[in-house]
Amino acid sequence: MTVTTCDIAIAGAGAAGLTAAIFARAVAPEARIVALDGAPKIGAKILISGGGRCNVTHDVVTSVDFNGNPNAIAKVLRTFTVEETVAWFASMGVTLKREETGKLFPTTDRARTVLDALLRACEGVEVRTNARVSSCHPERESRDPGAWVAQGTCIEPPIPPGPSLTLGMTDGSRITASRVILATGGRSVPKTGSDGHGYAIARSLGHSTTEVFPALVPLIVEDRHWLTTLSGTSAYVELSVVAGKVLARQRGSMLLTHFGISGPAALDISRHWIAAPGARLVCNFLPGETFESLERAILEERNPRATIGSFLRGRLPERLIAALLEGGRLVRPLPGADGTSALHKLTKDERRRIIRSLVELPIPVVRDRGFDYAEVTAGGVPLSEIDLATMASRRCEGLFLCGEILDVDGRIGGYNFQWAWAGGRLAGIHAARSLHRLGV
Ligand code: FDA
């Protein structure tokens, strides 16, 4: 059996793992750093991110943009501000541009620019593909150099004294490292290599994991619901998760699709709907309007020929207006509410039903599209089990964790990458600094 030794082994070479590698190398250029990734090619998720453009970060990132413990998240984010991130990317030759939404993308509009720069900056780090870690355990024998020869083929000199961990690889080989950085991501889009096995590794090392579920995921509505006939239509809406009271609210663009809803507002609200079984999803197609304000506006309409259709024109896409009226009629008969009847001729009941379908339309979501379509994973290793000043594990000496494996998920807009860059940087720096303390 082949046993390799190194100073720092990084399990998972995605956004967080590559960042950790780059900063570890900068702190300890003499250290042997190996970044292991189970996928055949590095960076599949970076390449598909942001529609192939990679939304690297957002111009304002605060802990409220994330789900998880805000104080704990802020502690990590503070160590690597957006300005510092932009400067870091510039130092690697990647200039970023800000779009109207506040999202930052590479000026080339190509995710490949980001990945190539990260890989260039990894010079000196051994980056291995098709290197899937199956297990990790503390190596108590490591202080005795003789133990290596006894275990198998010793192809490297024994590592310096200190805590060490041995990674079992799926090809049967082993890698022993003074420090291990676990950056295996979550479970979203498993074909990119992030299949959630990292959670089992973390648990085997004494960590717990909270329940994990898809986040930033499209939602599927009841079969043949009228919304699905509007595939391709977008509207600026407010979505609320309601269970007695409003549990979460999100404004933004919603994209209607052949299966249900997607687009920023739907993706952002999805994890809140999933986390509250039995809760309803309600859509306000006129954000800012309430039932009362809309009723007042309709009653105060001065044009005697105004119809609900003309009243909504310009405020909603035409296809949506037609379908809302049609849809309302299909769900519950709305005589006279076909969009052509004069507003003032509507009965009170008709008017109120129309208003409800505009500002309180229940969207009958049946399920989410699952991890194959989720941009990120909610849940993971609790931050309380991590020393957030260093990203060191509080459960296992020599172990560091960063990125999506942790119990943090951000909104859409570059926040999740910012979490990966910030945590990866901390883990890399401190894993390397702790080697210095060993005299490497
Ligand atoms: P990530 O999943 O990136 O990397 C983990 C790596 O570990 C993978 O390369 C995997 O192969 C490897 N691995 C897993 N298990 C292993 C094992 N046992 N052994 C060895 N290697 C293993 N965010 C954002 O901010 N802006 C955006 O534009 C987008 N866009 C976007 C689009 C799509 C389609 C998706 C799916 C996701 C996004 N995201 C995003 C989210 C963002 O991509 C995500 O949060 C980060 O990539 C997380 O970085 P990590 O390094 O933690 O995990």
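Residues numbered from 1 in each chain as written. Predicted model: local features only at pLDDT ≥ 70, side-chain atom pairs only at ≥ 80, totals over all residues. Heavy atoms only, no water.

## Some points on the overall build of the protein
Along the backbone of the protein there are 13 helices and 24 strands. Viewed in the frame of its principal axes, the protein has a C-alpha envelope of about 95 × 40 × 35 Å. Each of the 440 residues in the protein was classed as buried or not, and the buried ones make up 56%. When contacts within the protein are restricted to residue pairs at least 6 apart in sequence, those whose partners lie at least 24 apart make up 76%. Put simply, the protein shows about 18,700 Å² of open surface, and 50% of that area lies on carbon and sulfur atoms. (Helix = DSSP H or I, 4+ residues; strand = E, 2+ residues; numbered from the N terminus. Buried < 20%, exposed > 50% of the residue type's maximum accessible area, 1.4 Å probe, protein only. Contact = heavy atoms within 4.5 Å. Areas by Shrake-Rupley, 256 points an atom, 1.4 Å probe, with all protein chains shown as cover.)

## Observations regarding the nonpolar core
Judged by nonpolar contacts, the single largest core of 89 residues is most densely connected at Phe89, Leu118 and Trp421. It is helix H13 (residues 415-438) that contributes the most residues to this core, twelve residues altogether. Not counting residues within four places of it along the chain, the set of residues in contact with leucine 118 comprises Leu18, Ile22, Ile46, Trp88, Phe89, Met92 and Trp421. Counting 55 residues, the second largest nonpolar core, distinct from the first, contains Phe213, Ile298, Ala323 and Val359. (Core = buried A, V, L, I, M, F, W, Y, C linked by side-chain atoms within 4.5 Å.)

## Some thoughts on the side chain of threonine 377
One can find threonine 377 in strand E20 (residues 376-378). Here arginine 187 takes part through its backbone nitrogen, which lies 2.8 Å from a polar atom of the side chain of threonine 377. Engagement of the side chain of threonine 377 in a polar contact is seen with the backbone nitrogen of serine 188, the distance being 3.2 Å. Residue contacts for threonine 377: discarding those within four places in its chain leaves Gly186, Arg187, Ser188, Tyr199, Val212, Phe213, Phe371, Glu404, Val408 and Asp409. (Polar contact = N/O pair within 3.5 Å; in protein donor to acceptor, adjacent residues only side chain to side chain.)

## Thoughts on the packing of helix H9 (residues 291-299) against helix H12 (residues 348-359)
Axis separation between H9 and H12 bottoms out at 10 Å; the angle between their running directions is 130 degrees. Taken together, the axes of H9 and H12 lie oblique to each other. At the point where H9 passes H12, the crossing takes the right-handed sense. For the pair H9 and H12, the contacting residues are Phe291, Leu294, Glu295, Ile298 and Leu299 in the first and Arg351, Arg352, Ile355, Arg356, Leu358 and Val359 in the second. Along the lines of polarity and charge, the residues of the contact of H9 with H12 split into seven nonpolar, no polar and four charged. (Axes fitted to C-alpha atoms, helices over the stretch in contact; angles between N-to-C directions. Parallel < 35°, antiparallel > 145°, perpendicular 65-115°, else oblique. Left-handed = near helix turned anticlockwise from the far one by under 90°. Nonpolar A, V, L, I, M, F, W, Y, C, P; charged D, E, K, R; others polar.)

## Topic: the sheet that holds strand E6 (residues 103-106)
Spatial ordering of the open sheet is given by E3-E6-E5, a layout of three strands whose pairing is antiparallel. Both edges of this open sheet fall to strand E3 (57-58) and strand E5 (96-98), since each of them pairs with a single strand only. Examined bridge by bridge, E5 and E6 share three bridges and lie antiparallel to one another. The residue of E6 that forms the bridge with leucine 96 is proline 106. (Pairing = 2+ DSSP bridges.)

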